[in-house]
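# Residue-level structure breakdown
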Amino acid sequence: GAGVSQSPRYKVAKRGQDVALRCDPISGHVSLFWYQQALGQGPEFLTYFQNEAQLDKSGLPSDRFFAERPEGSVSTLKIQRTQKEDSAVYLCASSSKQGPTGELFFGEGSRLTVL
Amino acid sequence: AQTVTQSQPEMSVQEAETVTLSCTYDTSESDYYLFWYKQPPSRQMILVIRQEAYKQQNATENRFSVNFQKAAKSFSLKISDSQLGDAAMYFCAYRSGGDYKLSFGAGTTVTVRA
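All of the points below concern the structure found in this document. (Residues numbered from 1 in each chain as written. Chains lettered and ligands numbered in written order. Predicted model: local features only at pLDDT ≥ 70, side-chain atom pairs only at ≥ 80, totals over all residues. Heavy atoms only, no water.)

### What to know about the packing of aromatic side chains
- Counted under the stated rule, the structure contains 18 aromatic pairs over all chains.
- Ring geometry for F68 of chain B and F75 of chain B: centres 6.3 Å apart, planes at 85°, overall edge-to-face.
- Here F75 of chain B falls in the buried class, since its relative accessible area comes to 0%.
- Aromatic rings pair up to connect F33, Y35, F45, Y48 and F106 of chain A together with F35, Y37, F91, Y100 and F104 of chain B into one cluster.
- Stacked on the ring of Y10 of chain A, the Lys or Arg R43 of chain B has its end atom at 5.1 Å from the ring centre.
- Here the guanidinium or amino end of R95 of chain B rests over the ring plane of Y33 of chain B, the centre of that ring lying 4.6 Å away. (Phe/Tyr/Trp six-rings, centres within 6.5 Å; stacked < 30°, edge-to-face > 60°. Buried < 20%, exposed > 50% of the residue type's maximum accessible area, 1.4 Å probe, protein only. Lys NZ or Arg CZ within 6 Å of the ring centre and 35° of its normal.)

### What to know about unusual backbone geometry
Residues and elements named next belong to chain A.
- For the peptide bond that leads from S7 to P8, omega is -10°, which places it in the cis range.
- Among the secondary structure elements, P8 is positioned in the loop between strand 1 (5–7) and strand 2 (10–13).
- A positive phi angle, close to 55°, is found at N51, a residue other than glycine.
- Position of N51 relative to the elements: it lies in the loop between strand 5 (44–50) and strand 6 (53–56).
- Classification of N51 by relative accessible area gives partly exposed; the value is 28%. (Helix = DSSP H or I, 4+ residues; strand = E, 2+ residues; numbered from the N terminus.)

### Regarding the interface of chain B and chain A
- Contact residues are listed per partner, giving 19 residues for chain B and 26 residues for chain A.
- Summing both sides of the interface, chain B and chain A together bury roughly 1800 Å²; the carbon and sulfur share of this comes to 53%.
- At the boundary of chain B and chain A, one finds 1 salt bridge.
- Of the charged contacts in the structure, one is a salt bridge between K101 of chain B and D56 of chain A, with a shortest N-O distance of 3.4 Å.
- Counting across the interface, chain B meets chain A through 9 residue pairs in polar contact (both at pLDDT 80 or more).
- Looking at the side of chain B that touches chain A, the elements that each hand over two or more residues are strand 5 (32–39) and strand 10 (88–96) of chain B.
- Looking at the side of chain B that touches chain A element by element, the count peaks at 3 residues for strand 10 of chain B.
- When the residues that make up the side of chain B that touches chain A are grouped by side-chain class, the tally is 9 nonpolar, 6 polar and 4 charged. (Contact = heavy atoms within 4.5 Å. Buried area = accessible area lost by both parts, 1.4 Å probe. Salt bridge = Lys/Arg side-chain N within 4 Å of Asp/Glu carboxyl O. Polar contact = N/O pair within 3.5 Å; in protein donor to acceptor, adjacent residues only side chain to side chain. Nonpolar A, V, L, I, M, F, W, Y, C, P; charged D, E, K, R; others polar.)

### Considerations on the pattern of salt bridges
- Evaluated as defined, the whole model comprises 8 salt bridges over all chains.
- For the salt bridge of E108 of chain A with R9 of chain A, the shortest nitrogen-to-oxygen distance reads 3.4 Å. A residue pair is termed long-range when its members are at least 10 positions apart, and E108 of chain A in the loop between strand 10 (105–106) and strand 11 (110–114) and R9 of chain A in the loop between strand 1 and strand 2 qualify at 99 residues.
- With a shortest N-O distance of 3.8 Å, K55 of chain B and E52 of chain B are connected by a salt bridge.

### Describing the side chain of S76 of chain B
- Tracing the sequence through the fold places S76 of chain B in strand 9 (residues 74–79).
- A residue is classified by how much of its surface remains accessible, and S76 of chain B, at 12% relative accessible area, is buried.

### Let's talk about the pairing of strand 5 of chain B
Residue and element names in this part refer to chain B.
- With 8 of its 8 residues buried, strand 5 lies for the most part within the structure.
- Taking every second residue as pointing to the same face, both faces of strand 5 are buried, with Y32, L34, W36 and K38 on one and Y33, F35, Y37 and Q39 on the other.
- Two strands pair when backbone bridges link them, and strand 5 and strand 10 are joined in this way by 8 bridges, in the antiparallel orientation. Following the sheet pairing, K38 is matched in strand 10 by Y90.
- Pairing of strand 5 with strand 6 (residues 46–52), which is carried by 6 bridges, proceeds in the antiparallel orientation. What sits directly across from F35, in strand 6, is R50.
- Here strand 5 folds back onto strand 6, and the loop between the two strands holds 6 residues, one of which, R43, carries a positive phi near 80°. (Pairing = 2+ DSSP bridges.)

Here's what the structure looks like:
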């Protein structure tokens, strides 16, 4: 695709519900990142994929957060039993290069509001 | 862990004027990269400018330039000839040379007055 696509753009969930956020990276990009951006703050790293391998999940705040990229393309970030503190914008970014090199291209994010 | 500090929550600039955004960072490493990202209301982060720590020359991209002071661990962004389209939130970010994770500051909201 022309850019990184994320869906849904907006999601409202009741506390305790499960949510799934989708990221469609730029075609052929091997690296994929998820970041969490709380209101009025800078993004914080959640997890990193190189192709289908999740190489780093150190930023996931709890075991309620789970990310996958089974075919090395589309990725899904799943949040189980959502809590109010999960309310944030979830940004996905991809890069054509492995590891630290290469420019990151960000999507427009998914804004999650937990009531 | 590296920390990035942006001490100006908001800045306002008259169209065609110049504005400077400040950023300081804390690191013990010698190999690292610094970035300025722009985030408009659409929320999509756009890379504005990038600086490699080993380069002494300040990076420039059209109307955007940085003042990189390595000893002071300071990395300010100057926007010259400000345009209405420059209005956005600007984030300073740090990445260690061998790492892939970005550490962001809290951001500065730039308003451009017509």
